[in-house]
Amino acid sequence: QVQLVESGGGLVQAGGSLRLSCAVSGRTFPNMGWFRQAPGKEREFVAAIQWTINTDYADSVKGRFTCSRDNAKNTMYLQMNSLKPEDTAVYYCAARRSITPTRAPNYDYWGQGTQVTVSS
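Student: What should I look at first to understand unusual backbone geometry in this one?
Tutor: Note: most peptide bonds trans; most residues except glycine with negative phi. Positive phi values are uncommon outside glycine, yet Trp-51 reaches one of about 50°. The phi dihedral of Ser-82 is positive, around 50°, even though this residue is not glycine. Relative to the helices and strands, Ser-82 is located in the loop between β8 (75-80) and β9 (89-96).

What follows is the structure, encoded as structure tokens:
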């Protein structure tokens, strides 16, 4: 049974950093991604990683966030630096069986989400 469990969210001041983790059990996936959803807004793409090599980032986080994977632990990470109040949202990790990467929320499995709050 596939399960994705996020951790690492919390409250941080603007300019601070957080690292989110997404532990995957059940199997490995070629493509994984991070999405976020702020109150009253639609879920939006944040970052994606294909195996451990190719990464893609939304323009709003490029240069501040880094997505990585540890195959030995079957875990994906999102290092978030220079956080801004507009980064406040629930962050979700997702896994995709297809070998084709995507920014659309066409992922097969989702975690439960972790809250990130950035105070000004």
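Student: Would you explain the packing of aromatic side chains in this entry?
Tutor: How two aromatic rings sit relative to each other is given by the distance of their centres and the angle of their planes. Enumeration over the complete set of coordinates arrives at five aromatic pairs. Aromatic side chains Phe-35 and Phe-45 sit 5.8 Å apart centroid to centroid with 75° between the ring planes, which places their arrangement in the edge-to-face category. One end of the pair, Phe-35, is in strand β4 (residues 31-37); the other, Phe-45, is in strand β5 (residues 44-50), and ten residues separate them in sequence. Across the pair, exposure class does not vary: Phe-35 and Phe-45 are buried alike. Taken together, a centroid distance of 6.1 Å and an interplanar angle of 65° make the contact between Tyr-107 and Trp-110 edge-to-face. The partly exposed category is assigned to Trp-110, whose relative accessible area is 28%. One Lys or Arg, Arg-43, reaches over the ring of Tyr-92 and ends 3.8 Å from the middle of that ring. Above the face of the Trp-110 ring, Arg-43 is positioned so that its terminal group lies 4.8 Å from the ring centre.

Cut-offs and rules
Residues numbered from 1 in each chain as written. Predicted model: local features only at pLDDT ≥ 70, side-chain atom pairs only at ≥ 80, totals over all residues. Heavy atoms only, no water. Helix = DSSP H or I, 4+ residues; strand = E, 2+ residues; numbered from the N terminus. Phe/Tyr/Trp six-rings, centres within 6.5 Å; stacked < 30°, edge-to-face > 60°. Buried < 20%, exposed > 50% of the residue type's maximum accessible area, 1.4 Å probe, protein only. Lys NZ or Arg CZ within 6 Å of the ring centre and 35° of its normal.

Everything listed here is a matter of geometry and, on its own, says nothing about what the molecule does.
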